[in-house]
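One letter stands for each residue in the lines below.
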Amino acid sequence: MARKTREEAEQTRQLLLDTAERVFHEQGVAATSLADIASAAGLTRGAIYWHFTNKLDLFTAICDRIKPELDAMESMLHDSRLTPAARLWQHAIALFDLVYRDERLRRICAIHHIGCEQVGEMAPLLLEQISWNLEKQGQLRLVLEEAAQAGQLRDGIQPRLAALGLHSLYGGLCHSWMINQQDHTVHQHVSALLSPYFVGIFRDQCWLDAPAASD
């Protein structure tokens, strides 16, 4: 009986997460109360407070659902079969393709970009966002430093600044997409949108190089 109860509790938790994801996406985080989410899920306020302390706790749990997919994307940055520049290129292409294919990830990205004010009770998200940005820029910087050591960067390109620019380009393209998801220009032309930046920092289209090593 205890096992069944745990299973039912987990089913309720997942229902609340599914519902919150949908309602946050439809009407924004600030305009949505926990009571709204409980009602939309057909549950009581007590049920939602049993699983989540507050709205921030619930929102964090929603974001945690897409971490496995994002972690898998990051592993591409460490693929030793590819040159550093090629790793960055393939990671970028795969990342935007994932956003296109994964409806949940796209919906959560949209909530982040246009549906969530990082003030008031959600203010801690701002510090988390800053930390996350620095972490992602750091990962790009490490690969760009490898590219510099391999002679792939153009003269005068600083890996730290190139990483900031590349990460900002990803964010800008994603934001443009999220505010108008019916427009598939970013997905359809991601290579053309990214190429000018890669041309500007790398030599001789080296990001299109064949694998650096065999399996």
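As the structure is a prediction and not an experimental result, all values here were calculated from the model.

## A look at the confidence of the model for the protein chain
Part 1: Scored by pLDDT, the protein chain comes out at a mean of 90, with 95% of its residues at no less than 70.
Part 2: Mean pLDDT across the elements of the protein chain ranges from a minimum in helix α1 (residues 2-27), with 87, to a maximum in helix α11 (residues 190-201), with 96.

## Thoughts on α11
For the α-helix, the turn length of 3.6 residues means that residues three or four positions removed from each other point alike.
Part 1: In this model α11 runs 17 Å from its N-terminal to its C-terminal C-alpha over 12 residues, within 8% of the 16 Å that 1.5 Å per residue would give.
Part 2: What α11 keeps buried is the set Val190, Leu194, Phe198 and Ile201. Buried residues of α11, viewed axially, fall in a sector of 55°; they line one side. For α11, exposure combined with an orientation more than 90 degrees from the buried face picks out Ala192 and Pro196.
Part 3: Elements that come into contact with the buried residues of α11 comprise α6 (84-101), α8 (124-149), α9 (159-178) and α10 (185-188).

## Structural notes on the packing of α6 against α9
Part 1: One way to put it is that α6 packs onto α9 with a least axis distance of 12 Å and a crossing angle of 20°. Classified by the angle their axes make, α6 and α9 are roughly parallel. Relative to α9, the crossing made by α6 is right-handed. In this structure, α6 uses Leu88, His91, Ala92, Leu95, Phe96, Val99 and Tyr100 to contact α9, whose residues at the interface are Leu166, Tyr170, Leu173, Cys174, Trp177 and Met178.
Part 2: Of the residues that constitute the contact of α6 with α9, the class distribution is 12 nonpolar, one polar and no charged.

## Looking at the UniProt feature "domain: HTH tetR-type" (unreviewed entry) in the protein chain
Part 1: UniProt's feature table lists "domain: HTH tetR-type" (unreviewed entry) at residues 10-70, given in the numbering used throughout.
Part 2: In the segment residues 10-70, helix accounts for 75% and strand for 0%; the C-alpha atoms at its two ends are 23 Å apart.

About the thresholds
Residues numbered from 1 in each chain as written. Predicted model: local features only at pLDDT ≥ 70, side-chain atom pairs only at ≥ 80, totals over all residues. Heavy atoms only, no water. pLDDT = per-residue confidence, 0-100. Helix = DSSP H or I, 4+ residues; strand = E, 2+ residues; numbered from the N terminus. Expected span 1.5 Å × (residues − 1). Buried < 20%, exposed > 50% of the residue type's maximum accessible area, 1.4 Å probe, protein only. Arc of directions from axis to C-beta. Contact = heavy atoms within 4.5 Å. Axes fitted to C-alpha atoms, helices over the stretch in contact; angles between N-to-C directions. Parallel < 35°, antiparallel > 145°, perpendicular 65-115°, else oblique. Left-handed = near helix turned anticlockwise from the far one by under 90°. Nonpolar A, V, L, I, M, F, W, Y, C, P; charged D, E, K, R; others polar. UniProt positions renumbered as here; feature names shortened; annotations may be inferred.

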